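The chain contents come next:
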Amino acid sequence: MTRVAVLAGGVGAARFLDGLVRVIPPADVTAIVNVGDDMEWAGLHISPDLDTVTYTLADLVNPETGWGLRGESRRTLDRLSELGGPDWFMIGDLDLATHLYRTDRLSAGDPLSEITRDLTARLGLECVITPVTDDRLRTVVGTDQGELAFQDYFVRRRASDPVHALRFDGAETARPAPIVKHALAEADVIVVAPSNPFLSIDPLLSVRGVREQVTSNRAKVVAVSPIIGGQAVKGPAADILQSLGHDVSALGVARLYEDLAKVFVLDETDAALADVIAAETGMRVVVMPTLMTDVEAKMALARGTLEAALDVA
Ligand code: FO1
């Protein structure tokens, strides 16, 4: 048995997890999910990364976008818009049920990790999905327009503002959710999923004790590059590498991860970077196809990533 803990952000991480649960028993997988993207919308608590992971693993996700539900309607949103309510964040009619359920239980005092556990069970998922913390954590993006809340930056302004700084409001006091420490300690392999290093992985690591627990277990940590050929597969990771002054490449990402991971998974497109990454970071670099175009590709990446990690461990 190989127990795997995955540090997961949004769409890329969800796709990686979808492959992973098909190559090892889902019950051996624990997804530790970012909540820095969470927001209050029309009085409801939205947890985008938790929903993207859960919907993807339950095969309910909209495959085009990687978030929200497949076949979704938007009658409520359209009516809300007619009333002058918030309409820049696309909440579908059935997705709304998730937010109503979550908000109702949070208002009753239930921790987000318990709500997530129950939603996961209700969807028949055997893998474990937990928020990294049950406490408040919000990514704040420093731009030329000043500080923006994450979804304002990411959705309302379409990630068009150059990012000059990031901070994670609440990180000083946010404690890991109940099973996070145990999952990281018991894991045979910890995977840093192909997520945005700044917007998904850093907020996760900012929760008290999490970065330390990962770095002190570096020998069992493998990171998958979210950058292929100098481009992000999805989202603004390349732009942020640029605006924060990093090398806009898998090498730039490897430098961010050298203290965290012993193994770095690099796409074949970037094979020429393998030696310089290994020389500079001391990581063991393994080259394989990392673009998750279909189920087989997701499974192959998951399998290759575990093999790469276990070879070293
Ligand atoms: N992303 C968008 O680009 N536009 C949206 O309108 C949008 C709505 C949305 C609703 C629910 C949800 O769970 C996610 C949603 N996302 C939307 C994606 C979300 O902003 C990002 O996926 C994460 O915050 C970053 O990974």
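Refer to the structure above for everything that follows.
On a predicted model such as this, the values are computed, not experimentally measured, just so you know.

**Student:** Help me out: how do you make sense of the layout of surface pockets in this one?
**Tutor:** Where empty space is left becomes clear once a probe the size of a water molecule has been rolled over the atoms. In this structure, the largest pocket occupies an estimated 920 Å³ of space. Contributing to the lining of the largest pocket are 44 residues, with Gly 10, Val 11, Trp 67, Phe 154 and Lys 234 lying nearest its centre. Counting only elements with at least two residues in the lining of the largest pocket, the list comes to helix H1 (11-23), helix H2 (48-57), helix H4 (93-107), helix H6 (150-156) and helix H8 (197-206). Top element by residues in the lining of the largest pocket is H2. It accounts for five residues. Residue lining of the second largest pocket: 16 residues in total, with Asp 18, Thr 56, Val 61, Pro 63 and Lys 298 positioned closest to the centre. Among the elements of the structure, H1 and helix H13 (295-312) are those that each provide at least two residues to the lining of the second largest pocket. Per-element tally for the lining of the second largest pocket: the top contributor is H1, with five residues. Classifying every residue of the lining of the second largest pocket gives six nonpolar, three polar and seven charged.

**Student:** Sorry if this is basic, but what is going on with the packing of H1 against H2 here?
**Tutor:** When two helices pack together, you describe them by how their axes are tilted relative to each other and by the distance separating the axes. Relative orientation of the contacting elements H1 and H2 amounts to 35 degrees, with a least axis distance of 9 Å. Every pair of crossing elements has a handedness; the one defined by H1 and H2 is right-handed. Facing H1, whose interface residues are Val 11, Ala 14, Arg 15, Leu 17, Asp 18 and Val 21, H2 presents Thr 52, Val 53, Thr 56 and Leu 57. The class makeup of the residues in the contact of H1 with H2 is six nonpolar, two polar and two charged.

**Student:** Would you take a moment to explain the site of the ligand for this structure?
**Tutor:** In the vicinity of the ligand, 14 residues are found, and the nearest of them are Asp 37, Pro 48, Asp 49, Met 90 and Gln 151. Measuring from an oxygen atom of the ligand, one finds a backbone N or O atom of Met 90 at 2.9 Å. Between an oxygen atom of the ligand and a side-chain N or O atom of Gln 151, the distance comes to 2.8 Å. Relative to its unbound accessible surface of 530 Å², the ligand loses 88% to contact with the protein.

**Student:** Sorry if this is basic, but what is going on with helix H12 (residues 274-281) here?
**Tutor:** Because an α-helix packs 3.6 residues into every turn, residues spaced three or four apart end up facing the same way. Ala 274, Ile 277 and Thr 281 are the residues of H12 that are buried. Along the long axis of H12, the arc covered by the buried residues comes to 70 degrees, so they all point the same way. Opposite the packed face of H12, turned more than 90 degrees from it, sit the exposed residues Asp 275 and Ala 279. On its buried side, H12 packs onto helix H11 (250-257), strand E13 (263-267) and strand E14 (284-288).

**Student:** Sorry, what's going on with the packing of aromatic side chains here?
**Tutor:** Describing an aromatic ring pair means giving the distance of the ring centres and the angle of the ring planes. Counted according to the given criterion, the structure contains three aromatic pairs. Between the aromatic rings of Phe 150 and Phe 154, the centroid separation amounts to 5.1 Å while the plane-to-plane angle is 20 degrees, which identifies the pairing as stacked. Within this pair, Phe 150 and its partner Phe 154 are both found in helix H6, separated by four residues, close to a single helical turn. Residue class for Phe 150 comes out buried when judged on its relative accessible area of 5%. Residue class for Phe 154 comes out partly exposed when judged on its relative accessible area of 35%. Here a set of aromatic residues connected by ring pairs shows up, and it is made of Phe 150, Tyr 153 and Phe 154. In this structure, Arg 156 is placed above the aromatic ring of Trp 88, and the distance from its NZ or CZ to the ring centre is 5.8 Å.

**Student:** Can you help me understand H2 in this one?
**Tutor:** Judged by how many residues are buried, H2 sits mostly within the fold: ten of ten residues are covered. Downstream of H2 by one or two residues, Asp 59 has phi in the positive range, about 55 degrees.

Calculation notes
- Residues numbered from 1 in each chain as written.
- Predicted model: local features only at pLDDT ≥ 70, side-chain atom pairs only at ≥ 80, totals over all residues.
- Heavy atoms only, no water.
- 1 Å grid on protein atoms, 1.4 Å probe; cavity = no way out; pocket = protein on both sides within 12 Å on 5 of 7 lines; lining within 4 Å.
- Points joined across faces, edges and corners; volume = space filled by probe spheres on them.
- Helix = DSSP H or I, 4+ residues; strand = E, 2+ residues; numbered from the N terminus.
- Nonpolar A, V, L, I, M, F, W, Y, C, P; charged D, E, K, R; others polar.
- Axes fitted to C-alpha atoms, helices over the stretch in contact; angles between N-to-C directions.
- Left-handed = near helix turned anticlockwise from the far one by under 90°.
- Contact = heavy atoms within 4.5 Å.
- Near = heavy atom within 4 Å.
- Polar contact = N/O pair within 3.5 Å; in protein donor to acceptor, adjacent residues only side chain to side chain.
- Areas by Shrake-Rupley, 256 points an atom, 1.4 Å probe, with all protein chains shown as cover.
- Buried < 20%, exposed > 50% of the residue type's maximum accessible area, 1.4 Å probe, protein only.
- Arc of directions from axis to C-beta.
- Phe/Tyr/Trp six-rings, centres within 6.5 Å; stacked < 30°, edge-to-face > 60°.
- Lys NZ or Arg CZ within 6 Å of the ring centre and 35° of its normal.

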